[in-house]
Amino acid sequence: MPKAASTRRTASKVSSPAAGAALRSSGGAGGVAPEVTRGASLTGTAAPTAPAQDGSPFHTLLEAAPDAMMIHDAGGRVRLLNAQAEKLFGYHRDELIGRPMEQLMPERYRRNHERQRQSYTPQSPPRPMGTGLTLFALHKDGREIPVEISLSNLVTEDGPMVISSIRDISSRVQAEEALRQSQRLALSTLEAIPASVAVVDENGVILSINDAWKELAEAAPGSPHACGPGDRYLDACRAATGEDAAVLAGLAAGLGEVLRGEAPRFVMEFPFSSPHGTRWFVGHVTPFRGDGPRRAVVAHLDITLRKRAERVVRRLNEELEHRVEERTLELKRAHQTIQSEMAARLRLEQEILEISERERQRIGQDLHDDLGQQLAGAWFLSLALENELKAARSPSLPSAARITQTLQNALSLTRSLARGLHPVAIEAGGLGAALKDLAVRTGEMFPVECTWQAPHPMPSFDHHTATQLYRIAQESVTNAVKHGKASLIALALEVGRSEAVLTIRDNGIGLASPPSPGEGMGLRIMPYRAHMIGGRLDLSAHPSGGTVVSCTFPYPPAHPSV
């Protein structure tokens, strides 16, 4: 029977009257007892049967044995076995008594076993069978069972016998195989790790290393990292000198803390000088878990590529920051230039509006003071002429009356245009009076109803703010009449805690589309006027129809009030 997972020695050679008595009947003398020789023989002669269990100390010891026990004669035939043997092989003892031992082993081992059995003499000392091999027994159902067998000689009155002690080691073999698998897995895992790994004991002596550690050791001859199994790695790190001394001292301190149980683990990045240049590693020291001698795993992971990448990224970041600073400076200069240009443009536009406003006022003043006075004089002259013709009962009286009425209408229109171009009410009564006058004149000049609503008392505004708000309202009213075909226009001013809103709402047809280029100049200027007083202009359609123009501006205004 083959390879033994472990071996053991059993009882030495025995010469026992009790054993001899156990192998013969009470009435027999010498040879095999009648009870043993009954039955058919494989050779045509009588074959032995199981001896009776007579309760002798030998039988009692045989049955009490924890292992399967079998006794066979010099021819290899089974003479006696215990209950453990029946259980192990699956046979009843009557099926084995007188049968050759080779029946209980795999076919491939029988011929060799027979030769070995024949070489085993009565003078052979007790020994384990198949030292260094795994032995297999054959179960009745054909299963092979790993076993451990020990042999001893037994001298009886019937001649020399051999006692075989057979132990089923299936569980042990399975455990050993599981252990080997675990060791192979651990070794494979250790070699698959892309790090240099060493296992050290409580004194910092290296117990084992992986191939990566060997490569690291070969790359740094004379360095503490060149230590291998049996070397005192911890002491070598402590005693290191040179440029890496401080780094190795820190590594030794962390390893010592883990080995003493003062730290759960230790991690450290460090440079490693070698003939091929500086490399970077991150060192991990992790203790073994569980009971047993204190151990630790030292792993050095090469992070040289990462460090190089970090340097590249750092350099690129520095270059990027430099470029960003340059670009920011350029943008800042460009922004300052644009701000200057915008300020200049704003001043120019403001000057244009101021010039336009002054020109409006001049034309309005001229209309009022020159053309208006001349029309007024002509009207008075025409009125006097009409009175003379009336007294003379002249037939020309109707023509004179029409001339007088025409001059009166022209005078009214001229005065209205003058007030529109130069709203004296802004100077005299403020924005409220000017907008009220605008609403009245609009109702007089056009077939619309124009209303004005303002808080009481009416807040005061500086001339600049009042002028821009008036022009926005004036342009909105003109658009509502000319383009919106409105019949109702409502002007309103609302003042809040931090801002005020001037609203012009009409019931016209609304704004069908944005004005085309070259048209609607007043509509385009209105947002700019709102911007000049720090406000914003919004144009929207009212849910019930018409257009809503809203100018929202800070209040109190930024300009000093008048």
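Residues numbered from 1 in each chain as written. Predicted model: local features only at pLDDT ≥ 70, side-chain atom pairs only at ≥ 80, totals over all residues. Heavy atoms only, no water.

**Brief notes about the sheet that holds strand S17 (residues 547-554)**
Okay, so step 1: The mixed open sheet is built from five strands, whose spatial order is S13-S14-S15-S17-S16. Because the sheet does not close on itself, it has two edges, and the strands there are strand S13 (449-453) and strand S16 (536-541). Put simply, the sheet's adjacent strands are angled 10° from each other on average, direction ignored.
Okay, so step 2: In the sheet, strand S15 (residues 499-506) pairs with S17 via seven bridges, with the strands oriented antiparallel. Along S17, the bridge assignment pairs Arg 505 with Val 548.
Okay, so step 3: Helix-sheet contacts for helix H14 (residues 430-445) involve S13, strand S14 (488-495) and S15, and the interaxial angle to S13 is about 165°.
Okay, so step 4: Set on the sheet, helix H15 (residues 463-482) makes contact with S14, S15, S16 and S17; between it and S15 the angle comes to about 15°. (Pairing = 2+ DSSP bridges. Helix = DSSP H or I, 4+ residues; strand = E, 2+ residues; numbered from the N terminus. Axes fitted to C-alpha atoms, helices over the stretch in contact; angles between N-to-C directions. Contact = heavy atoms within 4.5 Å.)

**Things to note about helix H10 (residues 245-259)**
Okay, so step 1: Taking 1.5 Å of rise per residue, 15 residues should cover 21 Å, and H10 covers 21 Å from first to last C-alpha, within 8% of that figure.
Okay, so step 2: The first or second residue beyond H10 is Gly 261, which carries a positive phi of 80°. (Expected span 1.5 Å × (residues − 1).)

**Quick word on the pattern of salt bridges**
Where charged atoms of side chains with opposite charge meet at close range, the side chains can pair.
Okay, so step 1: The tally for this structure, following the rule as stated, stands at 25 salt bridges.
Okay, so step 2: Close ionic contact of Asp 235 with Arg 238 constitutes a salt bridge, the shortest N to O distance being 3.8 Å. With Asp 235 and Arg 238 both in helix H9 (residues 233-238) and three residues apart, the pair spans about one turn of that helix.
Okay, so step 3: Of the residues examined, Asp 235 reaches a relative accessible area of 30% and is grouped as partly exposed.
Okay, so step 4: Given a relative accessible area of 48%, Arg 238 falls into the partly exposed group.
Okay, so step 5: Of the charged contacts, one joins Lys 307 and Glu 269 as a salt bridge, the two residues approaching to 3.0 Å between their closest N and O atoms. Of the two residues, Lys 307 is situated in helix H11 (residues 304-391) and Glu 269 in strand S10 (residues 266-274); the sequence distance between them amounts to 38 residues.
Okay, so step 6: According to the relative accessible area criterion, Lys 307 is buried, its value standing at 16%.
Okay, so step 7: Given a relative accessible area of 37%, Glu 269 falls into the partly exposed group.
Okay, so step 8: A cluster of three or more residues bridged by salt bridges with shared partners is formed by Glu 269, Arg 306, Lys 307 and Glu 310. (Salt bridge = Lys/Arg side-chain N within 4 Å of Asp/Glu carboxyl O. Buried < 20%, exposed > 50% of the residue type's maximum accessible area, 1.4 Å probe, protein only.)

**Observations concerning the environment of Ile 206**
Okay, so step 1: With respect to the element layout, Ile 206 can be found in strand S9 (residues 206-209).
Okay, so step 2: According to the relative accessible area criterion, Ile 206 is buried, its value standing at 1%.
Okay, so step 3: For the pair Ile 206 and Gly 228, spaced 22 residues apart in sequence, the C-alpha separation works out to 6.3 Å.
Okay, so step 4: Other than its neighbours up to four places away in sequence, Ile 206 contacts Ala 198, Val 199, Val 200, Trp 213, Cys 227, Gly 228, Pro 229, Gly 230, Asp 231 and Tyr 233.

**Description of the sheet that holds S10**
Okay, so step 1: Overall, antiparallel pairing links the five strands, which are arranged S9-S8-S12-S11-S10 in an open sheet. If you trace the sheet from one side to the other, it starts and ends with S9 and S10, each paired once. On average, each strand axis in the sheet is tilted by 25° relative to the strand beside it, whichever way the strands run.
Okay, so step 2: Across three bridges, strand S8 (residues 196-201) lies against S9 in antiparallel orientation. Looking at S9, one finds that Val 199 is bridged to Ser 208.
Okay, so step 3: Against the sheet, helix H8 (residues 211-219) engages S8, S9, S10, strand S11 (277-287) and strand S12 (295-302), with an angle of about 95° to S8.
Okay, so step 4: Against the sheet, H10 engages S8, S10, S11 and S12, with an angle of about 145° to S10.

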